[in-house]
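# Coordinate inspection notes
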Amino acid sequence: MNILRRSVHCICIAALMKLALTPPGRWFREYQRRHKINHFVALSAVFLILYNEYVSHWLQSTYWPQIPVSITEEDNLKVLFVTDPQLVGFDNEPHLLGIITRYDSDRYMRRTFQSSISYVKPDVVVFLGDLLDEGSISSDQQYQIYVDRFRQVFHEAYQTKFEPVFISGDNDVGGEGSDPMTTSKVQRFEKYFPSKRVKTAKFVDIIDANIDLNKFATEIKKDLKNVATQTDDKQLKIVINHSGILYRERYVLLNVIETLKPAIIFTSHTHVSRLWTCPDCYRNHRPNSIHLKVDRLTSNKFQTFPVNNDDLKEIVVPTCSYRMGVPDMGYGFAIFNKSGRFDYAVLWQVQRYPQLWSYLAFLIVASVIKLTLFFSNRSRFLFR
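Residues numbered from 1 in each chain as written. Predicted model: local features only at pLDDT ≥ 70, side-chain atom pairs only at ≥ 80, totals over all residues. Heavy atoms only, no water.

## Notes on the overall build of the protein chain
How we decide: Secondary structure elements are defined from DSSP: runs of H or I of at least 4 residues count as helices, runs of E of at least 2 residues count as strands, and each element is numbered from the N terminus. Only protein chains enter the calculation, and the probe is 1.4 Å; a residue is then buried if its accessible area is under 20% of its type maximum, exposed if over 50%, and partly exposed in between. Whether two residues are in contact is decided by their heavy atoms, any of which lying within 4.5 Å being enough. For every accessible area listed, the method is Shrake-Rupley and the probe measures 1.4 Å; residues are considered covered only by the protein chains on display.
In terms of regular secondary structure, the protein chain is built from nine helices and 13 strands. Looking at the protein chain residue by residue over its 384 residues, the buried ones come to 48%. If you take every contact in the protein chain between residues at least 6 apart in sequence, the share linking residues at least 24 apart comes to 79%. Of the roughly 20,200 Å² that the protein chain leaves accessible, carbon and sulfur atoms contribute 60%.

## Section: the side chain of E314
Our working definition: His residues and chain termini do not enter the charge count, which takes Lys and Arg as positive and Asp and Glu as negative. Just to be clear on terms, a salt bridge is a Lys or Arg side-chain nitrogen sitting within 4 Å of an Asp or Glu carboxyl oxygen. N or O atoms closer than or at 3.5 Å make up a polar contact, with two conditions inside protein: a donor-capable atom paired with an acceptor-capable one, and, for residues adjacent in sequence, both atoms drawn from side chains.
Looking at the secondary structure, you find E314 in strand β11 (residues 312–316). The charged side chain of E314 is buried without a salt bridge, its nearest counter-charge being R248 at 8.4 Å. One polar contact links the side chain of E314 to the main-chain amide nitrogen of L246, over a distance of 2.7 Å. A distance of 2.8 Å separates the side chain of E314 from the side chain of T267, its partner in a polar contact. Sequence-distant contacts of E314, defined by excluding residues within four places in its chain, comprise G244, I245, L246, Y247, I264, I265, T267, R274, L275 and W276.

## Structural notes on the packing of aromatic side chains
Our working rule: We call Phe, Tyr and Trp rings a pair once their centres come within 6.5 Å, taking the six-membered ring for Trp, and we label the pair stacked below 30 degrees between planes, edge-to-face above 60, and tilted otherwise.
One pass over the full model with this rule turns up 24 aromatic pairs. Ring plane angle 75° and centroid distance 5.4 Å describe the contact between F127 and F154, whose orientation is recorded as edge-to-face. Placement of the pair is F127 in strand β2 (residues 124–127) and F154 in the loop between α4 (140–153) and β3 (165–166), with a sequence separation of 27 residues. Per residue, the accessibility class of F127 equals that of F154, and both read buried.

## Some words on the packing of helix α3 (residues 95–120) against α4
Any two packed helices are characterised by how steeply their axes cross, that is the angle between the axes, and by the distance between the axes. Formally: Only C-alpha atoms enter the line fits that serve as axes; for helices the fit covers just the stretch in contact. Angles between N-to-C directions range over 0 to 180 degrees. Under this grouping Gly is polar, as are all residues other than the nonpolar Ala, Val, Leu, Ile, Met, Phe, Trp, Tyr, Cys and Pro and the charged Asp, Glu, Lys and Arg.
Running from N to C, α3 and α4 point in directions that differ by 35°, and their axes come no closer than 9 Å. Where α3 approaches α4, its residues R102, D106, M109, R110 and F113 are matched on the opposing element by R149, Q152 and V153. Within the contact of α3 with α4, the residues separate by chemical class into three nonpolar, one polar and four charged.

## A few points about the packing of α4 against helix α6 (residues 183–192)
Definition in use: For any pair of crossing helices, the crossing counts as left-handed if the nearer helix is rotated counterclockwise from the farther one by less than a right angle, and right-handed if it is rotated clockwise.
With their axes 11 Å apart at the nearest point, α4 and α6 run at an angle of 35° to one another. The two elements α4 and α6 cross, and the hand of that crossing is right-handed. Seen from α4, the contacting residues are D140, Y143, Q144, V147 and R151; seen from α6, they are R188, F189 and Y192.

## Here we look at the confidence of the model for the protein chain
Put simply, the rule is: Each residue gets a pLDDT score, which is the predictor's confidence in that residue and runs from 0 to 100.
On average, residues of the protein chain carry a pLDDT of 86, and 85% of them reach 70 or more. Mean pLDDT across the secondary structure elements of the protein chain bottoms out at helix α1 (residues 2–21), with 53, and peaks at β2, with 98.

## What to know about unusual backbone geometry
Excluding glycine, residues mostly carry a negative phi; peptide bonds, for their part, are mostly trans. The backbone phi angle of H269 is positive, close to 75°, even though this residue is not glycine. Within the element layout of this structure, H269 appears in the loop between β7 (264–267) and β8 (274–278). Unusually for a residue other than glycine, H271 sits at a positive phi of about 75°. You can see H271 is positioned in the loop between β7 and β8. We classify H271 as buried; its relative accessible area is 15%.

## A closer look at the sheet that holds strand β1 (residues 76–82)
What counts here: Strand pairing follows a simple DSSP-based rule, namely that at least 2 bridges must link the two strands.
Judged by pairing direction, the sheet is mixed, and its six strands sit side by side in the order β3-β2-β1-β12-β13-β10 without closing on themselves. Where the open sheet ends on each side, the last strands, each with one partner, are β3 and β10 (303–306). Bridge count between β2 and β3: two bridges; the pairing is parallel. Within the sheet, the bridge partner assigned to V126 lies in β3 and is V165.

## Here we look at the sheet that holds strand β9 (residues 293–296)
Taken in spatial order, the seven strands make up an open sheet running β4-β5-β6-β7-β11-β8-β9, and their pairing is mixed. Edge strands, defined here as strands with exactly one partner in the open sheet, are β4 (198–201) and β9. Ignoring strand direction, the axes of neighbouring strands in this sheet form an average angle of 20°. Pairing analysis gives three bridges linking β7 to β11, with the strands arranged parallel. Of the residues in β11, the one forming a bridge with F266 is I315.

## What to know about the pattern of salt bridges
Overall, the coordinates contain 14 salt bridges when judged by the stated rule. We note a salt bridge from R197 to D223, for which the minimum N-O separation is 2.9 Å. You can see R197 sitting in the loop between α6 and β4 and its partner D223 sitting in helix α7 (residues 217–228), a full 26 residues away along the chain. Judged by its relative accessible area of 18%, D223 is buried. Of the charged contacts, one joins D311 and K313 as a salt bridge, the two residues approaching to 2.7 Å between their closest N and O atoms. We classify K313 as buried; its relative accessible area is 11%.

Structure, rendered in structure tokens:
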């Protein structure tokens, strides 16, 4: 121990002597070199943050489809679809990491939702379920916190012409795997996210099919018949559900067709953008004779779909959260027209994980530079 202390003492004395004997000009040049490198690192950090948090979002919005200026308020209904935000909870995240992930996920969705809703100025916002990641398993106190966060993130949804439409998903009320759906969970969801089964907006009826994974055929048929009495045959009927309908059991599909007679179906749950088409759903009611085809919806442009009784389509809206394990996030946007057609597009958002990886890479490089400067300066100082 004495030898170690003496060695440290000698090194300190040598450093002080070196400092005293070093010409001022050499120190000034060394200071300038280090200052330039530190300045470059700091500027790089600023530019990286500005690009990831602001510029990249603006650049992404330039790829969004151009909304026709000629559309009129009376003849069109603009709808923004939000699916699977799944606000990050407390139980499934490590404590310290969870603070960061909740903050960043909420901030990302708030920024993307704000830019999307200000761009399209929708008449109504429709949430297609799985609003909260741990909604089904949380305590009442946690649930209240999640709801407050949700209202902060999607604050503008409550300020549109029509009240927002909410439907529940399995993460909200259970019903998938070992997590059972219970009456208390459903009632709690409906308390904080109230919404009618049939929402009338202008010339459109937005109908919540509310078909969960565990309902029996008789329950589904009875429930849909009750909902059908609240609709108007003169209205354009849009059916919404969290999980898919066209590719479900045939009795589910046939009950929806026979009772609700939808012009179009919107669902979520799978987190990816898809278009399911049933060319003969209204012409052939034999369960074994119905054929389906599926396509990916990845275009940045509007796609126009006619509304008729021969060709039934189901649009799967992608998730808006980067935490869902898929590379592409977005918001569905539809313009429904009285003439019997609608235009649909996805407002694709910036991929978040590459940005987070860029921050990590920058921290590693910056740390290596700082450590290299530190040890190189010490070695020059002691041995020059």
